Amino acid sequence: MIPLLFLVFVVAVKVFKKSTPNGKITVYLGKRDFVDHLDTVDPIDGVIVVESEYLKGRKVFGQVTTTYRYGREEDEVMGVKFSKEICIAKAQIVPSKDKQSEITPMQERLVKKLGPNAYPFTFQFPACSPSSVTLQAGDDEDGKPLGVEYAIKTWVGDHFDDRGHKRSAITLAIKKLQYAPPTRGNRLPSSLVSKGFTFSQGKINLEVTLDKEIYYHGEKVCPNIIITNNSRKSVKNIKVYVVQHCEVTMVNAQFSKFVASLETREGCPITPGASLTKSFYLVPLASSNKDRRGIALDGHLKDDDVNLASSTLVMEGKSPSEAMGIVISYSLRVVLNCGALGGDLQTDVPFKLLHPAPGTDANVNAAAEKKAKSIERSKYENSHYTNDDDDNIVFEDFARLRQEAA
């Protein structure tokens, strides 16, 4: 019975839909996550269905906007705004001014299924557009979260500047994400630092090596630490952190947050002449930082399982500082406490945290885990899906809030 159920979930194609408040217009999207491959970005391909004789000479327009919020709404006074909305693509969808020469297989299936009132549309992300990132708000903050968000907007009007009425408008939140390269390479990031002491001979040497350069969300970060104490001081304890670094380019601000940490005295004190070799395991997860303000998350959609923000990737030959939006990076930090007079010895080893590339084994396994969660919630899912067995297309309401299984 289980293999049969699994087969049904694999074959069915999920399509997201959202209708206007008056029910006259519906927008269909095959996905809400669009991948930045550095040299190209997935096109935003969808289909809009307009009820017969509703327009009466009017037109349907669409645009893709990005909202860059870098300050709290409650701090906006005297007309000062801490957000900027930019239209990055726009078009007249119905009737289309530019005859669309090619449509994607998903659009072709939807147009065939939905009939003559279905009109395909395609938007492109511009080059160097930032990835979706949301900074987690505090418990006392009610405004919109800080970060970079994308949305598709459609409305009915006589011309583009005519925004029409809310009852005939649709807004759909989407995400622009980056994935890890298909192969992670063989490079092992490492760092070697030493610390000497005033009026005392010798040094403490600290070497930290990671088992890989690129980690996938949910994987263990495994640093191997070698401490050699050639000084007259002792190492009291060891602290290990996974640090998330955020750079907000619009205001030239930078800050860092710990997203995983541990402290141990095992093997300590490391006395003069002694050494210690030890491995640690840390798992940076968004679920472990739910109540912490300022943690960067992959662009937050209400009904998605949220991950920590992925590392920002840039094309070869470009610097990460040239990236727009909110630039994310990670490092593994090790701190040795050498006592009140000795101070701390600290080093950071940078690494990347990303989603596995589509088509890789890790991506298939991650998708299987997500499917398993969906099956566990099948009672709720079945009550909110409409399925057409003839074409194996599952329509899901775009604004539906997913409830976690008890």
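Further up the page is the structure itself.
Thresholds applied
- Residues numbered from 1 in each chain as written.
- Predicted model: local features only at pLDDT ≥ 70, side-chain atom pairs only at ≥ 80, totals over all residues.
- Heavy atoms only, no water.
- Phe/Tyr/Trp six-rings, centres within 6.5 Å; stacked < 30°, edge-to-face > 60°.
- Helix = DSSP H or I, 4+ residues; strand = E, 2+ residues; numbered from the N terminus.
- Buried < 20%, exposed > 50% of the residue type's maximum accessible area, 1.4 Å probe, protein only.
- Lys NZ or Arg CZ within 6 Å of the ring centre and 35° of its normal.
- Contact = heavy atoms within 4.5 Å.

Q: Explain the packing of aromatic side chains to me, using residue names and the numbers behind them.
A: Scanning the model with the defined rule gives 9 aromatic pairs in all. For the pair Tyr-215 and Phe-351, a centre-to-centre distance of 5.4 Å together with 85 degrees between the ring planes defines the contact as edge-to-face. Residue Tyr-215 is located in strand E13 (residues 214-216), and its partner Phe-351 is located in strand E20 (residues 344-354); the two are separated by 136 residues in the primary sequence. The exposure class of Phe-351 is buried, given its relative accessible area of 4%. The rings of Phe-34, Phe-125 and Tyr-150 are connected pair by pair, giving a single aromatic cluster. Geometry around Tyr-54 places Arg-58 over its ring, the cationic atom sitting 5.1 Å from the centre.

Q: Explain the side chain of Ser-234 to me, using residue names and the numbers behind them.
A: Tracing the sequence through the fold places Ser-234 in the loop between strand E14 (223-229) and strand E15 (237-248). In this view, Ser-234 contacts Asn-229, Pro-269, Ile-270, Thr-271, Pro-272, Asn-337, Cys-338 and Gly-339; residues no more than four positions away in its chain are not counted.

Q: Can you explain unusual backbone geometry? Please cite residues and give values.
A: Put simply, Val-94 and Pro-95 share a cis peptide bond, and its omega is -15 degrees. Among the secondary structure elements, Pro-95 is positioned in the loop between strand E6 (83-94) and helix H2 (105-114). In this structure, Pro-269 follows Cys-268 across a cis peptide bond, with omega equal to 0 degrees. For Pro-269, the location among the structural elements is in the loop between strand E16 (253-264) and strand E17 (275-279). Phi is positive for Lys-56, close to 50 degrees, though the residue is something other than glycine. Structurally, Lys-56 is set in the loop between strand E4 (44-50) and strand E5 (59-69). Positioned with a positive phi, Cys-128 is a non-glycine residue whose angle comes to about 70 degrees. Tracing the backbone shows Cys-128 in the loop between strand E7 (118-123) and strand E8 (133-135). Cys-128 sits in the exposed class, given a relative accessible area of 57%.

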